[in-house]
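Structural description and commentary
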Amino acid sequence: MYGLDSERLLPWPALNAPFEGAWCVLRPGEASDPHAHHGNEIFIAMSGRAALVVDGARREFVAGDIAHLPPGSMHNVVNDEADDFEYYGIWWDVDMSARFVARHHEEAPKLTR
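What this report covers is the structure whose coordinates are included nearby. (Residues numbered from 1 in each chain as written. Predicted model: local features only at pLDDT ≥ 70, side-chain atom pairs only at ≥ 80, totals over all residues. Heavy atoms only, no water.)

As for the sheet that holds strand 3 (residues 40-47)
In spatial order, the strands read 1-2-8-3-6; together these five strands make up an open sheet with antiparallel pairing. Each edge of the open sheet carries a strand with a single partner, namely strand 1 (5-9) and strand 6 (66-69). If you compare each strand with its neighbour and ignore which way they point, the axes differ by 20° on average. In this sheet, strand 8 (residues 85-92) lies alongside strand 3 in antiparallel orientation, the contact comprising seven bridges. (Pairing = 2+ DSSP bridges. Helix = DSSP H or I, 4+ residues; strand = E, 2+ residues; numbered from the N terminus. Axes fitted to C-alpha atoms, helices over the stretch in contact; angles between N-to-C directions.)

Encoded structure:
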């Protein structure tokens with residue numbers, strides 16, 4: 001997905017979350033494919049260091065950093081380092097939120113019995 005190693009992690013039924021996510025690994029000397037989304041996205045840097053490029057602006061992105069990517073922002077991650085860069089991506093949009101609200105309303109009566 002997007003030119004890097006990733007594993008999509010979907011919310012499981014007990015979580016009932018209004019978002020989806022993926023664990024991503026960018027190998028040394030590689031860059032993810034530049035792309036944009038219609039929804040919001042957050043990247044959480046877990047290990048290593050890389051550069052996050054958003055709408056042409058390049059910034060250092062290191063373990064512990066969190067970045068918000070607004071809808072429509074063109075972005076990619078560049079790993080010029082000698083080690084893997086690992087991060088978690090979380091995304092959501094209006095449709096995902098609406099499905100969450102619908103599930104919540106369907107399950108709420110079951111929880112109060």
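We are not done yet, so read on.
Focus on the pairing of strand 5 (residues 57-62)
Sheet topology note: the strand 4 (residues 49-54)/strand 5 ladder contains six bridges and is antiparallel. Paired with Val54 across the strands is Ala57, a residue of strand 5. The turn linking strand 4 back onto strand 5 is made up of two residues, and Asp55 within it adopts a positive phi angle of 50°.

Considerations on unusual backbone geometry
In this structure, Asp55 is a non-glycine residue whose phi angle is positive, near 50°. Following the sequence through the fold, Asp55 ends up in the loop between strand 4 and strand 5. Asp55 sits in the exposed class, given a relative accessible area of 54%. (Buried < 20%, exposed > 50% of the residue type's maximum accessible area, 1.4 Å probe, protein only.)

A closer look at the packing of aromatic side chains
Considering all chains together, one arrives at three aromatic pairs under this definition. Counting every residue linked through ring pairs, the aromatic cluster contains Phe43, Phe61, Phe85 and Tyr87. (Phe/Tyr/Trp six-rings, centres within 6.5 Å; stacked < 30°, edge-to-face > 60°.)

What about the sheet that holds strand 4?
Strand order across the open sheet formed by three strands is 5-4-7, with antiparallel pairing between neighbours. Two strands close off the open sheet at either side, each with one partner strand: strand 5 and strand 7 (75-78). The average angle at which neighbouring strand axes cross in this sheet is 25°, direction not considered.

What to know about the pattern of salt bridges
Scanning the model with the defined rule gives five salt bridges in all. The partner of Asp5 in a salt bridge is Arg27, with the nearest N and O atoms 2.9 Å apart. Of this pair, Asp5 sits in strand 1 while Arg27 sits in the loop between strand 2 (20-26) and strand 3, and the two are 22 residues apart along the sequence. Among the residues examined, Asp5 registers a relative accessible area of 37% and is labelled partly exposed. For Arg27, a relative accessible area of 32% puts it in the partly exposed group. One salt bridge in this structure joins Glu60 and Arg49, with 2.4 Å as the shortest N-O distance. (Salt bridge = Lys/Arg side-chain N within 4 Å of Asp/Glu carboxyl O.)

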